[in-house]
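# Structural overview for review
What follows is the residue order along each chain.
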Amino acid sequence: ELALEDVSLAGKNLKDSNLDEAKQKAKSKDLEKLKILIEKEIKSGLNNGIVESPKTCPSFKQQNVKFPSFSDAVQIKYGEGRGRYAVAGREIKVGELIAIETPFVSLIDKEFSKNHCWNCLLCTKSPIPCEQCSGVVYCSKECRQNANDTYHRYECLYTDILYQAHLGAWHLAYRALTSRPWAFFSDNLDQYLNHNEKSGVDNDDVYKSEDIMSFNNLVTHDGVGCKQAPELMMQAH
């Protein structure tokens, strides 16, 4: 109920802000959406404390040993000019779960940024704000701390600018770089310049999608079909 009072007060004080009329209307809509969300939570009987969002994930009966994001029903092959591709390793039943992936880097669409966690993308039961900006919310203190310790320190106060720039997948590339200290990359530069599109296929490496080296070894498609990296990055978003 205190949160509801704060949202209402913020709406009343918008007219005294330095925002132009268009931005005031946009902010008013955001506050109205937040107000509706809070009212729903109050009616559902949730308490006003911080609610840690339960994070559960399904599992396979049997994982692919080298590609644990897949079940044993999926096998990964490699072809020149084609890169890595997946084929069925056995009969797959209707509705059978064959893939569970934790991405190395992810980004939420702007329309969901006020009611979904900026870090894990889950719907927020009781949104926890960033302590420095009003552009994002989190589902838990843990997610907020994780974001602040890595990429969000470089995005804080600039989230609207990044969205308005229509960067496409370049925003993901920016977040991938800011997720680690620069020394992490510069001290291992040779390793990251050695791109291996056969990773997980021609060696004993285990291909984990949340691993930065797996991210680095994704098939680039740069130059394929006369398309260069900038165009591909915009289309990938």
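Shown above is the structure to which this text applies.
Residues numbered from 1 in each chain as written. Predicted model: local features only at pLDDT ≥ 70, side-chain atom pairs only at ≥ 80, totals over all residues. Heavy atoms only, no water.

## Some details on the nonpolar core
Within the largest apolar cluster, 15 residues are counted, with the highest numbers of intra-cluster contacts made by C117, W118, C130, C133, V136, Y138 and C143. In this view, C130 contacts V136, Y138, R144, H152 and C156; residues no more than four positions away in its chain are not counted. The next biggest cluster of nonpolar side chains, apart from the first, holds 7 residues, and it includes F104, V105, A176 and Y192. (Core = buried A, V, L, I, M, F, W, Y, C linked by side-chain atoms within 4.5 Å. Buried < 20%, exposed > 50% of the residue type's maximum accessible area, 1.4 Å probe, protein only. Contact = heavy atoms within 4.5 Å.)

## Side note on the state of the cysteines
Within the structure shown, the criterion is met by 0 disulfides. No disulfide involves C120; its sulfur sits 3.6 Å from that of C139, the nearest cysteine. (Disulfide = S-S within 2.5 Å.)

## Thoughts on unusual backbone geometry
Although it is not a glycine, L121 sits at a positive phi angle of roughly 75°. Relative to the assigned elements, L121 resides in the loop between strand 2 (83-88) and strand 3 (128-129). We classify L121 as partly exposed; its relative accessible area is 30%. Its identity as a non-glycine residue notwithstanding, L157 has a phi of 75°, on the positive side. Its place among the elements puts L157 in the loop between helix 3 (141-149) and helix 4 (159-164). The exposure class assigned to L157 is exposed, which follows from its relative accessible area of 60%. (Helix = DSSP H or I, 4+ residues; strand = E, 2+ residues; numbered from the N terminus.)

## What about the pattern of salt bridges?
Under the counting rule described, the total for this entry stands at 6 salt bridges. E96 is the partner of R90 in a salt bridge, and the nearest nitrogen-oxygen pair spans 2.6 Å. Relative accessible area serves as the criterion here: at 35%, R90 is assigned to the partly exposed category. With a closest N to O distance of 3.8 Å, R144 and E131 form a salt bridge. With R144 in helix 3 and E131 in the loop between strand 3 and strand 4 (137-138), this pair connects stretches of sequence that are 13 residues apart. Given a relative accessible area of 59%, E131 falls into the exposed group. (Salt bridge = Lys/Arg side-chain N within 4 Å of Asp/Glu carboxyl O.)

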